[in-house]
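# Residue-level structure breakdown
The primary structure of each chain is shown beneath.
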Amino acid sequence: MKTAIWCSLLLLLATIALAEPEALDQVNSFRQMVGLTPLVWNENLAQAAKAHALYLQANQAKGHSEDATLPGFTGAAPAERALAAGYLSRMVWENLAQGQTSLEQALEELMSAPYHRLGFLRLDADELGFYEKGEIRVFLLGNRRINSLCHTELPARGDKFYFKLCQGAIKTPAAPVEQLTRQAQEQQPNSLVWPPEGSRFVPPAFYAEEPDPLPDRAVKGYPLTVQLNPLVYPQPQLLRLQILPQGSKTPLQARLYDPAGDPNARLLAGEYLLLPLERMDWGTTYVVEAEFLNEGRNLRLNWQFTTKPAPENLIKLKGDGEWIWVQPHRLVHLFHPPTEANPLFPQFQTSSSSGVKAVFTWVDWNTLAVEMQGTPCGWVKFRYPPLRGFGLRLHPAREGAACPQPEGD
């Protein structure tokens, strides 16, 4: 028994150890797509991420804040938790995913969420710590130049300061901080866009993040972001930013945010966010056109990307009370087009005939994958009051044979 426990412990430690470089590699792969320099691993940031993940698990909590009265508290905010773990700079940025079954799924959702995406794509970030605990994944980014600066005692020169930037320091002179920030920006591209040029398999829909950039709509199209390097474009003026289906002259309806108009005040100088107001189509190429004016010179950015192809055997639900014939052991995808009354796939209850089983997997909040097993002519009903919902029926054993009417229909 002791040997089995020890082997299980070694397996757990090996799994955690593998998750760390995998997370770093995947985040760096996103940064590489847009020409950003890679992040390096920082153990202090990893310890701060671990502390928060364990706090969230122990208290069944969510979000970036901690309560000092609860077990495992190491700091109310990410910066305080970083200091507690030995990181000397408060210049840190935390990304958090909860509830996803895999690291890949967590990162796809974080990169779909524009504020979290911009955290991973910061021009001044150059190191990362990460910890995974079950379905809790905490990423903590920092700037090693600023952290190194906090290891030194700087004379209080000049008339500009950062307050409480470094542990134990009330004031840090602004000049060296700004110089190090410029050094980081000098290594980055002049501009970057997401999704990158030529991207494929882009999710057609975005739902929400905290804070939500578009809380009045439950379903949006995939958010687009543009970042301009402030060293190259210190005073950009946005003239145009739009998205069109390839071959169309009509832009999608979208909401545009710049740093001054961002309702959540999350966008930095040179960052722009375009949110399509409707879900995009499966397997469609979109063209993005942007134009800026900076110090009398025009900058034009044009690129395109393609959304994920429709899942195999996609069935678009048409209305209330319909019956759909399916083959046993064959995966089908049920798509509920967003409507104003029901933007998401409605919450449902199921009933079935004897010997029939249905296995469900969510593709997104409008699309449900279903595989039915059981006897020919068997059925499963999906009900979402006050509507009758719809039903799936297994084909009869012989072609042309009739099936009895489902019970209660």
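Above this text you will find the structure in question.
Okay, so let's go over this structure. Just so you know, the residues in each chain are numbered from 1, in the order the chain's sequence is written. Only residues with pLDDT of at least 70 get local features here, since the model is predicted, and only at 80 or more are side-chain atom pairs given and counted; chain-wide, interface and lining totals rely on the full set of residues. Hydrogens are left out, water is left out, and the side-chain values use all remaining heavy atoms of the structure.

### Quick notes on the state of the cysteines
The disulfide criterion is simple: two cysteine sulfur atoms within 2.5 Å. Counted by the stated rule, this structure contains two disulfides. The partner cysteine of Cys150 in its disulfide is Cys166, sulfur to sulfur 2.0 Å. Its torsion about the S-S bond being -65°, the disulfide of Cys150 and Cys166 is classed as left-handed. Here Cys150, found in the loop between helix H6 (144-149) and strand E5 (161-163), pairs with Cys166, found in the loop between E5 and strand E6 (171-173); they are 16 residues apart in sequence, far enough to count as distant. The disulfide that involves Cys377 links it to Cys403, with 2.0 Å between the sulfurs. Its S-S torsion of about -70° marks the bond between Cys377 and Cys403 as left-handed, since a negative value means left-handed. On the criterion of sequence distance, the pair formed by Cys377 in the loop between strand E20 (367-373) and strand E21 (379-384) and Cys403 in the segment after strand E22 (387-394) is long-range, its members being 26 residues apart. Ordinal numbering of bonded cysteines along the protein defines a disulfide pattern of 1-2, 3-4. Think of it this way: any DSSP run of H or I at least four residues long counts as a helix, any run of E at least two long counts as a strand, and we number them from the N terminus.

### So, the nonpolar core
Among the nonpolar cores identified, the biggest contains 53 residues, and Phe139, Val226, Leu301 and Phe305 are the most heavily contacted of them. Here this core gets five residues from one element, more than from any other, and that element is helix H4 (residues 103-112). Contacts are residue-level and defined by heavy atoms, with any inter-residue pair within 4.5 Å sufficient. Once residues within four sequence positions are removed from consideration, Leu301 is found in contact with Ser191, Val193, Val226, Leu228, Val288, Glu289, Ala290 and Phe292. Core analysis: the next-biggest nonpolar cluster, separate from the first, contains 17 residues, Ile315, Ile324, Val332 and Leu368 among them. Working definition of a nonpolar core: buried Ala, Val, Leu, Ile, Met, Phe, Trp, Tyr and Cys residues. They are joined through side-chain atoms within 4.5 Å. Throughout, exposure labels follow a simple rule: accessible area from a 1.4 Å probe, protein chains only, divided by the maximum for the residue type, with under 20% read as buried, over 50% as exposed, and the rest as partly exposed.

### Considering unusual backbone geometry
Residue Glu210 is joined to Pro211 through a cis peptide bond whose omega torsion reads 0°. In the segment running from Pro385 into Pro386, the intervening peptide bond is cis, with an omega of 5°. Residue placement: Pro386 occurs in the loop between E21 and E22. One non-glycine residue, Gln60, lies in the positive phi region at around 50°. Inspection of the secondary structure assignment puts Gln60 in the loop between helix H2 (43-59) and helix H3 (78-84).

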